[in-house]
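# Structural description and commentary
One-letter residues, chain by chain:
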Amino acid sequence: QVQLVESGGGLVQAGGSLRLSCAASGSIFSINNMGWYRQAPGKQRELVAAITSGGSTNYADSVKGRFTISRENAKNTVYLQLNSPKPEDTAVYYCNAHGVVVTTTPGEQRDYWGQGTQVTVSS
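If you're wondering where the values come from, they're calculated on a predicted model, not measured in any experiment.

## Considering the pairing of strand β3 (residues 17–26)
As paired strands, strand β1 (residues 2–7) and β3 are joined by six bridges and run antiparallel to one another. Bridging from a neighbouring strand, Ser 7 pairs with Ser 21 of β3.

As structure tokens, this is what we get:
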């Protein structure tokens, strides 16, 4: 079993900053990709940013230049730095781990999700 625990969400004013953290725990051998998704009311869940184990990143066009994703492989932790957030960034942000290998089943890869953390950007 793998659990993703998110922290750092909350209320932030437009133009401020916020840093989200997500730590994966369990008998983890490796994680290929980690990322952040978000879901706003009435909208589909969308990819915000993702990062590979090697550090390659990709971002949604809507956040590029404002948000930064990073990870610490040794800690199985991924971060999302939200700079200059806008009200339209308001959503529940979900941490995702893709291609997780646990020590008990080294031949298998699974995906895991965090429970989500609310980010509200006020104007």
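## Remarks on unusual backbone geometry
A positive phi angle, close to 50 degrees, is found at Asn 76, a residue other than glycine. Among the secondary structure elements, Asn 76 is positioned in the loop between β7 (67–72) and β8 (77–83). Despite not being glycine, Ser 84 shows a phi value in the positive range, around 50 degrees. Take Ser 84: it is sitting in the loop between β8 and β9 (91–102). Residue Ser 84 is classed as partly exposed on the basis of its relative accessible area of 38%.

## So, the side chain of Arg 38
Counting through the fold element by element, Arg 38 comes out in strand β4 (residues 28–39). At 3.4 Å, the side chain of Arg 38 forms a polar contact with the side chain of Ser 62. Within the structure, Arg 38 has its side chain in polar contact with the side chain of Tyr 93 (distance 2.9 Å). Residues within four places of Arg 38 in sequence aside, it is in contact with Gln 44, Arg 45, Glu 46, Val 48, Ser 62, Val 63, Phe 67, Asp 89, Ala 91, Val 92 and Tyr 93.

## Digging into the packing of aromatic side chains
Applying the stated rule across the entire model yields one aromatic pair. Directly above the aromatic system of Tyr 94 lies the positively charged group of Arg 45, at a separation of 3.7 Å from the ring centroid. The positively charged end of Arg 45 is found above the aromatic ring belonging to Trp 113, 4.9 Å away from the centroid.

## Some remarks on the side chain of Thr 77
Structurally, the position occupied by Thr 77 is in strand β8. A polar contact of 2.9 Å, which involves the side chain of Thr 77, links it to the backbone oxygen of Lys 75. Each residue touching Thr 77, except ones within four places of it in the same chain, is listed here: Cys 22, Ala 23, Met 34, Ser 70, Arg 71 and Glu 72.

## A few points about the sheet that holds β7
Read from one edge of the open sheet, four strands run β1-β3-β8-β7, paired in antiparallel fashion. Edge positions in the sheet fall to β1 and β7, since each of these pairs with one other strand and no more. In this sheet, neighbouring strand axes are inclined to one another by 15 degrees on average, regardless of whether the strands run parallel or antiparallel.

## Some thoughts on the state of the cysteines
Tallied over the entire structure, the rule returns one disulfide. With its sulfur 2.1 Å from that of its partner, Cys 22 forms a disulfide with Cys 95. Across the disulfide from Cys 22 to Cys 95, rotation about the S-S bond amounts to roughly -85 degrees, and the bridge is consequently left-handed. Of this pair, Cys 22 sits in strand β3 while Cys 95 sits in strand β9, and the two are 73 residues apart along the sequence. A relative accessible area of 0% places Cys 22 in the buried class. The class for Cys 95 is buried, based on a relative accessible area of 0%.

How each quantity is defined
- Residues numbered from 1 in each chain as written.
- Predicted model: local features only at pLDDT ≥ 70, side-chain atom pairs only at ≥ 80, totals over all residues.
- Heavy atoms only, no water.
- Pairing = 2+ DSSP bridges.
- Helix = DSSP H or I, 4+ residues; strand = E, 2+ residues; numbered from the N terminus.
- Buried < 20%, exposed > 50% of the residue type's maximum accessible area, 1.4 Å probe, protein only.
- Polar contact = N/O pair within 3.5 Å; in protein donor to acceptor, adjacent residues only side chain to side chain.
- Contact = heavy atoms within 4.5 Å.
- Phe/Tyr/Trp six-rings, centres within 6.5 Å; stacked < 30°, edge-to-face > 60°.
- Lys NZ or Arg CZ within 6 Å of the ring centre and 35° of its normal.
- Axes fitted to C-alpha atoms, helices over the stretch in contact; angles between N-to-C directions.
- Disulfide = S-S within 2.5 Å.

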